[in-house]
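Below, each chain spelled out in residue letters.
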Amino acid sequence: MADIRFYQNTGPYTLQDLAAICGATPGPQANPNLIIIDVAPLHKAEKGHISFFHNPKYLDHFKETKAGACLVSEEYVKYAPKGMALLLSPKPYRAYGQVASLFYPSSKRDPNISPHASIHSTAKIGKNCYIGPFTVIEAHVTIGDGCEIKSNTTIEAGVELGSECSIDTNVTISHAILGKRVVVKAGARIGQKGFGFQMDEEGHLDIPQLGRVIIGDDVEVGSNTCIDRGSESDTIIGCGTRIDNLVQIAHNVHIGENSVIVAQTGIAGSTHLGRFVVVAGQVGIAGHLSIGDGVRIAAQSGIMRDIEKGEVVAGYPSVPVREWHRQNIAIKKLGQKGS
Amino acid sequence: MADIRFYQNTGPYTLQDLAAICGATPGPQANPNLIIIDVAPLHKAEKGHISFFHNPKYLDHFKETKAGACLVSEEYVKYAPKGMALLLSPKPYRAYGQVASLFYPSSKRDPNISPHASIHSTAKIGKNCYIGPFTVIEAHVTIGDGCEIKSNTTIEAGVELGSECSIDTNVTISHAILGKRVVVKAGARIGQKGFGFQMDEEGHLDIPQLGRVIIGDDVEVGSNTCIDRGSESDTIIGCGTRIDNLVQIAHNVHIGENSVIVAQTGIAGSTHLGRFVVVAGQVGIAGHLSIGDGVRIAAQSGIMRDIEKGEVVAGYPSVPVREWHRQNIAIKKLGQKGS
Amino acid sequence: MADIRFYQNTGPYTLQDLAAICGATPGPQANPNLIIIDVAPLHKAEKGHISFFHNPKYLDHFKETKAGACLVSEEYVKYAPKGMALLLSPKPYRAYGQVASLFYPSSKRDPNISPHASIHSTAKIGKNCYIGPFTVIEAHVTIGDGCEIKSNTTIEAGVELGSECSIDTNVTISHAILGKRVVVKAGARIGQKGFGFQMDEEGHLDIPQLGRVIIGDDVEVGSNTCIDRGSESDTIIGCGTRIDNLVQIAHNVHIGENSVIVAQTGIAGSTHLGRFVVVAGQVGIAGHLSIGDGVRIAAQSGIMRDIEKGEVVAGYPSVPVREWHRQNIAIKKLGQKGS
């Protein structure tokens, strides 16, 4: 299904190949030698395609799909169209990711340093890197092996990138140390001076911003997201953390490993988030707070206090999510009483 | 009034010329041969200028304006200063747009391909295009006739642009098909990998993002706005839709024709909006929802459910706008009772 | 403490030097000849460092710091570790800013015009400017003395920059007049066409945007922030105003002197803010409003009415901050009553 102008399909594969790659169990009537030529969503899939079903909202699509094969969990087998080969998995979306990655493996650009890049003589560029046209690599920068840095990006003086990083177009990185396999999407700004000054009737006074941004392995930074460098200490993003588009991360923020920050969220200065924290979209978190491991924060919430490990919160100002639901029911009644 | 460093005035015109271009009716005392040299807002207009009045908030400006002529609807004629020539129109702001466009027609840059652009040998560039310095056009890109692509922009491999598109500076476009006369403002990101992965205790697993962004004719995309490409399907923006600055549009979102999305709004993955939907600023819309034709959503609302055609909603979580007003009155009372 | 890859320390200094630069009074047991080699935060400081204490939240850090010297106000002297030299100041954070600026003075890049910049023959570049690679300076631009313009930035035709401006990478500036010492961070967009059109069933009609952006001296514009130009009039940012990252400022907005706009806030068209206004993060302000001098607006508030001089407001829709606290207490009770 993927447009061949943009994606290269490595298939076909047999059902057996696909079951093996994702650890799924073929259903009783599934032919292991069935040829699958592509992946596709339920409503667009045809005979040679494999699809997946995991969101109950799309049960009708599952019942009516024309896919030749489908990844699905046990409980939904009974709704499958007759004749469709099933691959059973307790995590069908994860399994789909593995299957789709077999058909369409992620890949970096072939190694090549554009003659139109501006690379300082003191910069150290690793082996097998791609550096695009009009990209600037300043003095004393270190780029690990196998990195891809696309066009019109600037890596400022002294920055270090680990191996296998992927930096998209129009990015700016300064005052930063990045780990391995870090993905930075287009237009992200990393390491700029934070919003640090003393407000004063005589005019605001700049506070020098003397820290860095430290980014762990396997972090992803979204398009047009901003991560300011630390003021006295560093801004730190833990390994495996995923940050979506248009997020604001202020100076001295720490985010633990494998956390997820959805689009347009803002985290004010010096706040610390734990590991496996999930912050939905458009959340605001005030400064100097501590958000425990595994906390989940609903979209558009406003966080003005510390949140204990494992809490699930919502609202502005935020409360435990069950309280928030009760608040909403009560407020809804207030609105329905007539004026 | 417009600064001649930035704008070229094609005038003067007679009142008659202006009435004709916008279909307005000259008032009884208006001299059709009156010479108008420029447009100007009410509070800055002078004798040779034409202005417009449509927002009652500025009635005092209308009463006191020194403009030589003014576009206005019937009902406000009685407030006009004596001696000012009136052009009557039921839609004075629209008429002003037509008049101002006569004085200052929108125009693209003269055709020219900068010698400092990097254009792949397989790219097809239409006739009469402008391509600015340090812009990158990758392999197999197709650019229609009469396009303008300013500096430091990257159009990635395989992308198609229809004729007469205007792409500003520092833009990134990948995995996308754009229609005719699409306007993309500076720093917009179109077609990047969406925020698609399976969250997991063992570490998050990437789901390949295999779709595209399809943008219809006459769409406008604001500065620093992000539109991620589809995961399995496409992200689709219907013809005539206007998207403001710093908006986030996630993978697989569909927006119908002639909708309007104001600044800093975020639309989560796989949500579908109908035609002529108006979403005010800083709204958040959750994923997998259906928003009907003609829906209007007030600023900062949080949408967590499907919205029926034609509904007007507000609030977090959103309710019909009248309910929201009643909620606000009730909540205001709660705050005034003393603690 | 600052990483020598990124920062150059001009020290050491004596305690006496530091007291002089910030007007602090040495405590009774402070040795004026004590050698201080660097600044550091309380929890990281060592013997040769000077730190500061002003946020009571970090009192434990103050009590346990190993810093050799510390800036502090009178009232907290009693909590200081024994043996630490104290510098007394009524504004210890401001004094720290002055001390840190002595160790690490802000500086621009050495004058140099990159041979890889594209500079129009009619542009006037002042003395001692830095212009980075792949930066575009269009026709009739005027750049004052001592400006720094980093890589991949575009300054469009006719724009004027005062002296000593600092423009970061990947910035776009068009239709604008900037004062002296203006700082524009990476990816900011200044002077683009505003979101101005007449919505209409027949299709939306563009209203020509004929104004400019006028930015006063000493303004700071954050990364990826957007400031649209005026439609009929100008968009104006007063001297000394600080704007954080990812902020949206629509056409015709006026902001007075020394105001502060925190990240991800949006201000809709034609709204006027006074002097010394403080707008916290993620606030939305509707169009055509008047916000008086010295107003303070809490994070995530939604402003839909004029705000009088000096008011402190919060909430969505906003109310005086005390009312908002009472509302929150009342709403919290509603949520705790059980369902």
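In this numbering scheme, every chain counts its residues from 1 along its sequence in written order. As they are written, the chains are lettered A onward and the ligands numbered 1 onward, keeping that order. This being a predicted model, a pLDDT of at least 70 is required before a residue's local features are given, and a value of 80 or more before pairs of side-chain atoms are given or counted; all residues contribute to the totals for chains, interfaces and linings.

Draft legend 1. Inspection of the sheet that holds strand β4 (residues 38-39) of chain C at higher detail. Residues and elements named next belong to chain C. The rule for pairing is simple: two strands pair if DSSP sees at least two bridges between them. Think of it this way: any DSSP run of H or I at least four residues long counts as a helix, any run of E at least two long counts as a strand, and we number them from the N terminus. Pairing is mixed in the open sheet, where five strands are placed in the order β2-β7-β6-β5-β4. Here the strands that pair on one side only, and so sit at the sheet edges, are β2 (25-26) and β4. In this sheet, strand β6 (residues 69-72) lies alongside strand β5 (residues 49-52) in parallel orientation, the contact comprising three bridges. By the bridge assignment, F52 is partnered in β6 with L71. Across the sheet, helix α1 (residues 15-22) touches β2, β5, β6 and β7 (85-88), and the angle it forms with β7 is around 15°. Across the face of the sheet, helix α3 (residues 92-103) comes into contact with β4, β5 and β6 while running at roughly 135° to β6. Here the contact rule is simple: place C-beta atoms from the backbone, and any two residues whose C-beta atoms are within 7 Å are in contact. To get an axis, a line is fitted to the C-alpha atoms, and for a helix only the part in contact is used. The angle between two axes follows their N-to-C directions and goes from 0 to 180 degrees.

Draft legend 2. Summary view of the interface of chain B and chain C. In this complex, chain B contributes 56 residues to the contact, which on the side of chain C involves 48 residues. At the level of secondary structure, the elements contributing two or more residues to the side of chain B that touches chain C comprise α3 (92-103) and α4 (321-336) of chain B. Counted by class, the side of chain B that touches chain C contains 20 nonpolar, 24 polar and 12 charged residues. Under the scheme applied, nonpolar residues are Ala, Val, Leu, Ile, Met, Phe, Trp, Tyr, Cys and Pro; charged residues are Asp, Glu, Lys and Arg; polar residues are all the others, including Gly.

Draft legend 3. Looking closely at the interface of chain A and chain C. At the interface, 48 residues of chain A touch 55 residues of chain C. Of all elements in the fold, only β22 (197-198), β23 (205-206) and α4 (321-336) of chain A reach the threshold of two or more residues within the side of chain A that touches chain C. When grouped by side-chain class, the residues that make up the side of chain A that touches chain C number 19 nonpolar, 22 polar and seven charged.

Draft legend 4. Inspection of unusual backbone geometry at higher detail. A cis amide bond links Y316 of chain A to the next residue, P317 of chain A, at an omega of 0°. By the secondary structure assignment, P317 of chain A is in the loop between β39 (312-315) and β40 (318-320). Of the consecutive residues G11 of chain C and P12 of chain C, the connecting peptide bond is found in the cis state with omega at 0°. At H140 of chain A, a residue that is not glycine, the phi angle is positive and equals roughly 60°.

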